[in-house]
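Coordinate inspection notes
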Amino acid sequence: MLVNTDYLVVGAGATGLAFVDALAAAADVEVTLVDRQPAPGGHWLHAYPFLRLHTPSAYYGVNSLALGVDRIDQAGENAGYYERATGSEVREYFAEAAARLAQTGRVRLLTGHEHLGGGSNGEHVKDLSTGELHDVVVRRKIVDARYLETSIPATHARPFDVAPGARVIPVNDLPQTAGSAPSYAVLGAGKTAADACIWLLDNGVEPDRIRWIRPRDAWFYDRRHFQPLEQVGAIMEGLSLDAEAGASAASIDDLFERLEAAGRLVRIDPSRPATMYRGTMLSARELEAVRQIEDVVRLGRVRRIEAGRIVLERGETETGPDVLHVDCTALGLNNAPATAIFQPGRIVLQQVRFLSPTFNAALVGFVEASRDDDADKNRLCPPDPYPSTIEDWPRMMSRTWRTEGRWLSEPDVSAWVAASRLNLLQALPDHAAEPSVQSAVKRFLTHVNAAIERLKQFGEPSN
Ligand SMILES: Cc1cc2nc3c(=O)[nH]c(=O)nc-3n(C[C@H](O)[C@H](O)[C@H](O)COP(=O)(O)OP(=O)(O)OC[C@H]3O[C@@H](n4cnc5c(N)ncnc54)[C@H](O)[C@@H]3O)c2cc1C
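If you're wondering where the values come from, they're calculated on a predicted model, not measured in any experiment. (Residues numbered from 1 in each chain as written. Predicted model: local features only at pLDDT ≥ 70, side-chain atom pairs only at ≥ 80, totals over all residues. Heavy atoms only, no water.)

A look at the pairing of strand E9 (residues 183–187)
Among the five residues of E9, four are classified as buried, and the element is accordingly described as predominantly covered. Judged from the five bridges that link them, E9 and strand E18 (residues 323–327) form a sheet pairing that is parallel. Looking at the pairing, Ser 183 lines up with Val 323 of E18. In the sheet, E9 pairs with strand E10 (residues 210–213) via four bridges, with the strands oriented parallel. Within E10, the residue paired with Leu 187 across the bridge is Ile 213. Between the parallel pair E9 and E10, the chain is carried across by helix H4 (residues 191–202), and the sense of this crossover is right-handed. (Buried < 20%, exposed > 50% of the residue type's maximum accessible area, 1.4 Å probe, protein only. Helix = DSSP H or I, 4+ residues; strand = E, 2+ residues; numbered from the N terminus. Pairing = 2+ DSSP bridges. Right-handed = clockwise from strand over helix to strand, strands pointing away.)

Quick notes on the site of the ligand
The environment of the ligand is made up of 27 residues, and the closest members are Thr 15, Asp 35, His 54, Thr 55 and Tyr 60. A distance of 3.3 Å is found between an oxygen atom of the ligand and a backbone nitrogen or oxygen belonging to Ala 14. The separation between an oxygen atom of the ligand and a polar main-chain atom of Thr 150 is 2.9 Å. The protein chains hide 92% of the 990 Å² of surface that the ligand would expose on its own. Those elements giving two or more residues to the shell around the ligand turn out to be helix H1 (14–26), strand E2 (31–35) and strand E4 (113–119). Sort the elements by how many residues they give to the shell around the ligand and E4 lands first, with three residues. In terms of residue class, the shell around the ligand is made up of 11 nonpolar, 11 polar and five charged. (Near = heavy atom within 4 Å. Polar contact = N/O pair within 3.5 Å; in protein donor to acceptor, adjacent residues only side chain to side chain. Areas by Shrake-Rupley, 256 points an atom, 1.4 Å probe, with all protein chains shown as cover. Nonpolar A, V, L, I, M, F, W, Y, C, P; charged D, E, K, R; others polar.)

Regarding unusual backbone geometry
Of note, Asp 70 is a non-glycine position whose phi angle comes to about 60°, a positive value. Relative accessible area serves as the criterion here: at 37%, Asp 70 is assigned to the partly exposed category. Of note in this structure, Leu 355 is not a glycine but carries a positive phi near 55°. Here Leu 355 shows up in the loop between strand E20 (346–348) and helix H8 (357–370). The buried category is assigned to Leu 355, whose relative accessible area is 16%.

What to know about the domain arrangement of the chain
What the domain assignment lists for the chain is domain 1 (2–150 + 336–386) and domain 2 (161–217 + 268–327). On a C-alpha basis, the centres of domain 1 and domain 2 stand 32 Å from each other. Taken together, the contact pairs 14 residues of domain 1 with 17 residues of domain 2. Together, the buried faces of domain 1 and domain 2 total about 1200 Å²; carbon and sulfur atoms form 62% of this surface. For domain 1, the biggest contributors to the area lost against domain 2 are Tyr 48, Phe 50 and His 54; these three give 50% of the whole. In this assembly, domain 1 and domain 2 are joined by zero salt bridges. On inspection of domain 1 and its partner domain 2, the count reaches five residue pairs in polar contact (both at pLDDT 80 or more). (Domains from an automatic or database assignment. Contact = heavy atoms within 4.5 Å. Buried area = accessible area lost by both parts, 1.4 Å probe. Salt bridge = Lys/Arg side-chain N within 4 Å of Asp/Glu carboxyl O.)

Concerning the packing of helix H5 (residues 232–248) against helix H6 (residues 252–261)
Packing of H5 against H6 leaves a shortest axis separation of 9 Å and a crossing angle of 145°. Where H5 crosses over H6, the handedness of that crossing is right-handed. Side by side, H5 and H6 meet where Leu 241, Asp 242, Ala 245, Gly 246 and Ser 248 of the first sit next to Asp 254, Leu 255, Arg 258 and Leu 259 of the second. Among the residues forming the contact of H5 with H6, the class breakdown is four nonpolar, two polar and three charged. (Axes fitted to C-alpha atoms, helices over the stretch in contact; angles between N-to-C directions. Left-handed = near helix turned anticlockwise from the far one by under 90°.)

Concerning the nonpolar core
Membership of the largest hydrophobic core comes to 87 residues, with the highest contact counts inside it found for Phe 19, Leu 174 and Trp 212. Mapping this core onto the domain boundaries places at least three of its residues in each of domain 1 (2–150 + 336–386) and domain 2 (161–217 + 268–327). Leu 174 has contacts with Phe 50, Ile 169, Tyr 184, Ala 196, Trp 199, Leu 200, Leu 324 and Val 326, leaving out every residue within four places of it along the chain. Counting 38 residues, the second largest nonpolar core, distinct from the first, contains Met 236, Ile 252, Met 397 and Leu 428. (Core = buried A, V, L, I, M, F, W, Y, C linked by side-chain atoms within 4.5 Å.)

Focus: the packing of aromatic side chains
Under the criterion given, the structure shown has 15 aromatic pairs. Their ring planes at 70° and their centres at 6.4 Å tell us that Trp 401 and Phe 444 sit as a pair that is edge-to-face. One end of the pair, Trp 401, is in helix H10 (residues 392–408); the other, Phe 444, is in helix H12 (residues 435–455), and 43 residues separate them in sequence. No difference in accessibility class separates Trp 401 from Phe 444, as the two residues are buried. One aromatic cluster is present, formed by Trp 219, Tyr 221, Phe 226, Phe 256, Tyr 277, Trp 393, Trp 401 and Phe 444 through successive ring pairs. Directly above the ring of Trp 212 sits Arg 214, whose terminal nitrogen or CZ lies 4.5 Å from the centroid. (Phe/Tyr/Trp six-rings, centres within 6.5 Å; stacked < 30°, edge-to-face > 60°. Lys NZ or Arg CZ within 6 Å of the ring centre and 35° of its normal.)

Here it is in structure tokens:
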């Protein structure tokens, strides 16, 4: 079969869908969206049963469709904060978003189809159910919505060996397996490992039955600084703390000490140096819960699990055939190196504003629809790789701040950002008269340029 299309978008995860939604809203174009999975939604199709968004639903998803009803949770670890969708709610949401796009008649969604690359007759796309090859002739651009494809424990290649007799499960299997184990070893340092620990504690497992194998110690945001709408002042407050710390920091360690002292970032064990920074967050109640786990192994990454021992990068530790090892080791956010987002005949979706994946994809869709010159588009949307370590914070934040400054002098981009439900600061103008918001805005504006200058000393190029 020969298909003609303006855009071929590879990947119907959150970013592919957010891009198409914004592009189709702003331009009269035909789009073909392919994904090798049987449904849209990307990694959310394999979410572990107790996964929720870590950010509020209010600013996640595609621009044209609300996710959730902006409820403030009354109980549990998220009490007082905006609702966060469960994995199944996110999957249903993306299925609906994709169906609405298809109903426009301008978006063709081919799930169960894999993009194989370019050929002499166009792009090759394979129907995975029949094996049939389609040639797709692309009139405008191929959109790579998989450059930052997510890696999760349910689908990744396990980065360690497992000997016969050792019990190892991916985090997805924890609820169905948990009752059968007298003790647990949670493997991994990030948000998924923290979620697994919290799930065990919430389900009655005493802290001393949980061992946490943490190759690195991580920094987490305090979730209170990511609350939008009526609580948007908290986001502004968090951003002002970033700018203040950035403007005064003498070193990376000093920067993180300042962010910790200000309550912007937290680490599970304040007596231990933390080098990992992935941009994830915990609420105060979640932090309190995970701090109960005292048996922490810090010997680097796991190499091999045997019936009686775990071999790690820097040593080994005992284990037993009764211990259930829970694999939470996948990379999660993909921190692939930056490449130009707008290239000849190609768009490569990446982070632009820090930690706003669906906002960024939608912004790139809008800019593609409203501008002609790739150099101009790249000026407005420079790539800003996802962070992994504390050394990445200065580069990520100063790029974000410089890029946001460019949007301000472009009326169409500013208007789009101001109106977008994916913009976490969307409600800020409605709260501009509140003294706490005025103070946060003033402190941010006072310090942001000094922060950009100061952070250059930590290796950020000046372009
Ligand atoms: C556990 C977890 C929780 C998260 N929570 C949040 C949150 O609360 N808030 C937030 O803002 N961000 C969150 N994120 C960040 C997350 O990365 C984004 O939200 C988003 O879901 C990533 O979507 P994506 O489209 O970039 O990637 P993916 O979801 O990985 O989708 C990529 C898609 O490309 C397809 N694909 C790849 N190659 C091909 C090919 N050759 N042909 C066809 N199809 C192909 C894959 O099948 C896949 O469906 C979370 C990430 C993880 C891992």
